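# Commentary on secondary and tertiary structure
Each chain is listed here by its residues.
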Amino acid sequence: MAFVIFLIPCFVISTDLVFSCQNADDFVGASSPGDIVIGGLFAVHSEMLHPEGDPIKPVIQNCAGFEIQVFLQTLAIIHAIETINNSTLLSGVTLGYEIYDTCAEVTKAMASALRFLSKFNSSEDAVEFKCNYSDYIPRVKAVIGASYSEVSMAVSRLLALQLIPQEVILTSNATTGILVSPASSAEILSDKIRFPSFFRTIPSDFHQTRAMTHLICESGWNWIGVIATDDDNGRFALDSFGVQAMANNVCIAFKEMLPAYLSDSTFHTKVDHAVEKIVKETRVNVIVVFMRQFHVLKLFKKAIERNVNKIWIASDNWSAAVKISTIPNVRQLGTVVGFGFKSGDISSFQEFLRNLHEKPTENNKFLREYIMLSSVCANLEYHDFQKCIASQSQDNLWENEGTKPQIWRDDFLNANVEPGFIHSTILAVYAIAHAIKGQCKDRDCKDPSAFTPWELLEELKKVVIIDDDKEVKFDSNGDMNISYDVLLWKEIDGHMEITTVAEYDAEKGGFIFEDEEKKKDFLALKKVQSTCSQHCKPGQVKKVTESPHTCCYECIYCPENYYSNKTDMDYCYRCNNKTYWAPTNSSTCYRKTIYFLAWTDWFAIFLLLLSAFGVVLVLSICVIFTKNLDTPVVKASGGLTVCYIILFSHFLIFLSTIFFIDVPTEFKCKTRQAVFGISFTLCISCILIKSLKILLAFSFDPKLQNFLKCMYKPIPTVVTCTGIQVIICTFWLVFRTPFVSQNFSIPRAIILECNEGSIVAFGIMLGYIAALAFICFIFAFKGRKLPENYNEAKFITFGMLIYFIAWIVFIPVYATTFGKYLPAVEIIVVLISNYGILCCTFLPKCYIIIYKQETNTKSAFLKMVYTYSSKSAGSVAVSQVSLDSKSSSFRATIMDSCKTENDSVNGNCHFQVPGQPLIKGKVLPKNAARTMVRKRVSSI
């Protein structure tokens, strides 16, 4: 290293008086004659020297910074042309070449392009001005190059003089030169309107920036930095990447542009600023770099000094650059992953390099210069040797030419081969050769004027090359959409090696892995986080903060009934509120639980047991009444037919509760209320008839008896009352029928229930039953003071009261209750009212039948009725005396009665009227009492 420090000042750029370019031929870097000449433009040197004095003269200067990789590309052209000339591809036609050094300067490249456009065999190398270039034969038929897109854009515009011939109107453009580039990837060069004669054997930057974006997205990064060269290539690449990044939700935290030329006075300041920006942005761990190799060298050296450790995504310009991968301590920079052009078999070129020392150097200044550089830097180690070569200027080399012994290092060239660039360069030569072959089918191409460049252009569009057993051709944009190699820099045995871990298919837009180990290396990149904010997990959503970047956000929970099922979602999805629900911070929606009063529910089981018990009770009463068919109690209850009808009604009412349980169906919803309503109406109608009959049997009021006799029509009354309810239910079922509905009032549940269809119809049905029950209650209340052992009217009154209380309580409870237990409320009311009426109607009779058998005889029954009738008749007589004391008929009745029968005390009759003095008289005749008893019994 000390030797290098000493050596470099010895070759200081000290003069602008010595120039190697004394004439036009000195301007050529490498050349070889041929029937058809192909031009070459390559930046063999990284910078052009500039004069220090004034005035600045229009003189082509020499260059400095020998670029090994670009030098190898010029050798690749030479090797490909020699291989073609030694083959039968062009059958006797030889290719020549003229290769020029652009020194990465547009101005020098334009000077070379002017020589390409000079007329063939012109002694003055003059470019003629013509209105029609259709027959113009320039010095070269096609140009390969340049190394950088910025140079290619300028040269392509100069070569593509788009003129329409005056004699014949053609649909294609006339061009004086064709430019085929193996390295310029700027997307704008695909524009065939501005660059009609430009072709390239690599994909455009569109595919590269898309591949980079895919890599970033695959690795889970969204907060990155970009550093680019401030030239056309860097700006276009940055614009293309920006569009791709925005489309994939990747944010660019910062963009830094470095001057295109190292001679720029602000270059080092801007490099320092870029590194400072990288250090400052601690959350940015991925840097995308679109720069030339010598720019990357300067940046990396500064980054190593600042201990920067990031993931660097390399563009195709430097992803395979050996001179960068061999920088001391380059491993400290972190991980370098990049994209390089897909390489093919270059073994023949490597063999060419091994025999390069045998080649003549007279017509190849580049080779001669490399030999001189090898001699100057011979005693240095690999990296120092490379640094030494890059630091020399042409001025100093030409001054010291011949003073150093020639030393050859062919291993250094092979070690610096970048397969992608070499392969694309060779491919460019073969593409032109195949186009020439197409032109030379019917022409003598030993004559340089056999065809013009614009004719070769049309042929080039149709060229198909077999490369590695695959057909390769130019698309409509003049690009060869070959794949990219994904390159990963790995430290192996203490040395940084550039390995291929995957292939990126530019057409399909995906990564292809050869084996699992390489895939594992690729996926290991995900371990590094480069995000402005933490990833929002499923169940969370991004809330943009005050930052202008969409990648900077806060993660908030999705609210209830909303969910997010992916990371970093911009909004939450809404659940279908009718059938699904989601808690806060949910990653999915859950189906709402469907609730109904199921058979297995404990409360439903309890209610069913009550209904079953009611059914058993009904059947038991049937059995008891059937066995005691001829007893007075059963006969007094209306006979077995009436009892069976009432009991059957109770049975149906108990049975109707089944339709309130389990999954509601259309049939259940329609059946349950109709069965209940009609059955209850039938029951109340029969009890109403019983109430009328009892009241009629024991009524002593002639007016009331006449009214009751008119009302007492058992069969028509029952049929009419029940028929009205049937009509109500029919209209209800036809016009506003009940149906199954889903109740969504509970957030996380769906209540399956029966919608009554019409609350009005439901109310009319219940109201009608209540009206009948009220009439029954009135009649039963009138007969509440019947004989003690046969007081059925009193129990009917109690039954109706129970019914009223139950349904009055039901209305507010039903109106305020919701959920699966709503049907249970109605079941409870039905059971209470049904049990109340059943028990009050039949249990007293059953009690008499079972436990009071002595009172369930005809004699006992007649005695009870006789006693009650005697009291009732006496009460009526007394009432008439007290109300009309002047009635002579009353006195005659009393006197006749006393004469006929003697009482137990002296045969006198004594009548006591409450509130009146004792009335004494004779008792009623026995025949009259018996007659009254017979009438009551017969009516009952």
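Residues numbered from 1 in each chain as written. Predicted model: local features only at pLDDT ≥ 70, side-chain atom pairs only at ≥ 80, totals over all residues. Heavy atoms only, no water.

### Quick look at the sheet that holds strand β11 (residues 286-290)
Strand order in the open sheet formed by eight strands is β10-β9-β11-β12-β13-β16-β17-β18, and the pairing between neighbours is mixed. The open sheet has two free edges, formed respectively by β10 (251-259) and β18 (510-512), since each of these has just one partner strand. Within the sheet, the average angular offset between the axes of one strand and its neighbour, ignoring direction, is 25°. Here strand β17 (residues 495-505) runs beside β18; their pairing, made up of three bridges, is antiparallel. From the neighbouring strand, E503 faces β18, where its bridge partner is I512. Contacts from helix α7 (residues 267-280) reach β9 (223-230), β10, β11 and β12 (310-314) within the one sheet, and its direction differs from that of β10 by about 165°. Contacts from helix α17 (residues 516-523) reach β16 (484-492), β17 and β18 within the one sheet, and its direction differs from that of β17 by about 100°. (Pairing = 2+ DSSP bridges. Helix = DSSP H or I, 4+ residues; strand = E, 2+ residues; numbered from the N terminus. Axes fitted to C-alpha atoms, helices over the stretch in contact; angles between N-to-C directions. Contact = heavy atoms within 4.5 Å.)

### Let's talk about the pattern of salt bridges
The final tally for this structure, using the stated rule, is 23 salt bridges. In this structure, the salt-bridge partner of R292 is D231, at a minimum N-O distance of 3.0 Å. In this pair, R292 is assigned in the loop between β11 and α8 (293-305) and D231 in the loop between β9 and α6 (232-247), connecting sequence segments 61 residues apart. In this structure R292 comes out as buried when scored by relative accessible area, which is 2%. (Salt bridge = Lys/Arg side-chain N within 4 Å of Asp/Glu carboxyl O. Buried < 20%, exposed > 50% of the residue type's maximum accessible area, 1.4 Å probe, protein only.)

### Regarding unusual backbone geometry
Phi at S91 takes a positive value of approximately 40°, unusual for a residue other than glycine. The topology assignment puts S91 in the loop between α2 (68-85) and β5 (95-101). At D662, a residue that is not glycine, the phi angle is positive and equals roughly 75°. Structurally, D662 can be placed in the loop between α20 (639-656) and α21 (666-697). For D662, a relative accessible area of 22% puts it in the partly exposed group.

### Quick look at the pairing of β17
For β16 and β17, the ladder comprises nine bridges, and the chain directions are antiparallel. By the bridge assignment for β17, D485 is matched with E503. Taking the residues between adjacent antiparallel strands as the criterion, β16 and β17 are bridged by two residues, where D493 takes a positive phi near 55°. In this structure, the hairpin formed by β17 and β18 is closed by a connection of four residues, where G509 is found at a positive phi of approximately 70°.

### Details of α6
Each α-helix turn comprises 3.6 residues. Residues three or four places apart therefore point the same way. Here α6 contains 16 residues, and its C-alpha end-to-end distance of 23 Å stays within 8% of the 22 Å for a straight helix at 1.5 Å per residue. Those residues of α6 not exposed but buried are N233, G234, A237, L238, S240, F241, G242, Q244 and A245. Where α6 is buried, its residues touch α4 (149-159), α5 (205-218), β9, β10 and β11. One or two positions beyond α6, positive phi appears at N249, with a value near 60°. (Expected span 1.5 Å × (residues − 1).)

### Notes on the confidence of the model for the protein chain
Confidence in the prediction of the protein chain, expressed as mean pLDDT, is 79, and 80% of residues score 70 or more. This stretch, residues 162-176, has a pLDDT under 50; its non-local contacts, to residues over four places away or in other chains, come to 35 contacts. A low-confidence stretch, residues 875-940 stays under pLDDT 50, and its non-local contacts, those more than four residues away or across chains, total 82 contacts. (pLDDT = per-residue confidence, 0-100.)

### Observations regarding the state of the cysteines
Within this structure, the stated rule accounts for nine disulfides. Paired through a disulfide, C440 and C445 show a sulfur-sulfur distance of 1.8 Å. Between C440 and C445 the disulfide shows an S-S torsion of about -110°. By sign, it is left-handed. C721 forms no disulfide, and the closest cysteine sulfur to it belongs to C686, at a distance of 9.6 Å. (Disulfide = S-S within 2.5 Å.)

### Observations regarding the sheet that holds strand β25 (residues 593-595)
Two strands in a sheet stick together by hydrogen bonds in their backbones, pointing the same way (parallel) or opposite ways (antiparallel). Strand order in this open sheet of three strands is β25-β27-β26, and the pairing throughout is mixed. Of all strands in the sheet, those with a lone pairing partner are β25 and β26 (739-743), marking the two edges. Pairs of neighbouring strands in the sheet enclose a mean axial angle of 30°, with direction left out of account. Alignment of β26 against strand β27 (residues 749-755), held across five bridges, turns out to be antiparallel. When the bridges of β27 are listed, F739 appears paired with N755.

### Quick look at the packing of aromatic side chains
Aromatic rings considered in pairs are described by the distance between their centres and by the relative angle of their planes. For the coordinates displayed, the defined rule picks out 39 aromatic pairs. Seen from their ring centres, W581 and Y590 are 5.6 Å apart, and the 40° between their planes marks the pair as tilted. W581 sits in the buried class, given a relative accessible area of 13%. Here Y590 falls in the partly exposed class, since its relative accessible area comes to 40%. Between F625 and F842, the ring centres sit 5.5 Å apart and the planes meet at 75°, which makes this aromatic pair edge-to-face. (Phe/Tyr/Trp six-rings, centres within 6.5 Å; stacked < 30°, edge-to-face > 60°.)

### A word on the side chain of T229
As for its position among the elements, T229 is in strand β9. Here T229 falls in the buried class, since its relative accessible area comes to 2%. Not counting chain neighbours up to four residues away, the residues in contact with T229 comprise G234, R235, M257, L258, P259, A260, F290, M291, R292 and H295.

### Observations concerning the nonpolar core
If you look at the biggest cluster of nonpolar residues, it comprises 69 residues, and the most contacted ones within it are F625, F676 and M800. Only α18 (602-627), α19 (632-636), α20, α21, α23 (714-735), α24 (759-782), α25 (792-816) and α26 (822-851) provide two or more residues apiece to this core. With 14 residues, α26 is the largest single contributor of residues to this core. Among all residues touching F625, those that are not within four sequence positions of it are V634, S637, L640, C643, F842, K845, C846 and I849. Residues I68, F199, I371 and L456 belong to the second largest nonpolar core, which totals 67 residues. (Core = buried A, V, L, I, M, F, W, Y, C linked by side-chain atoms within 4.5 Å.)

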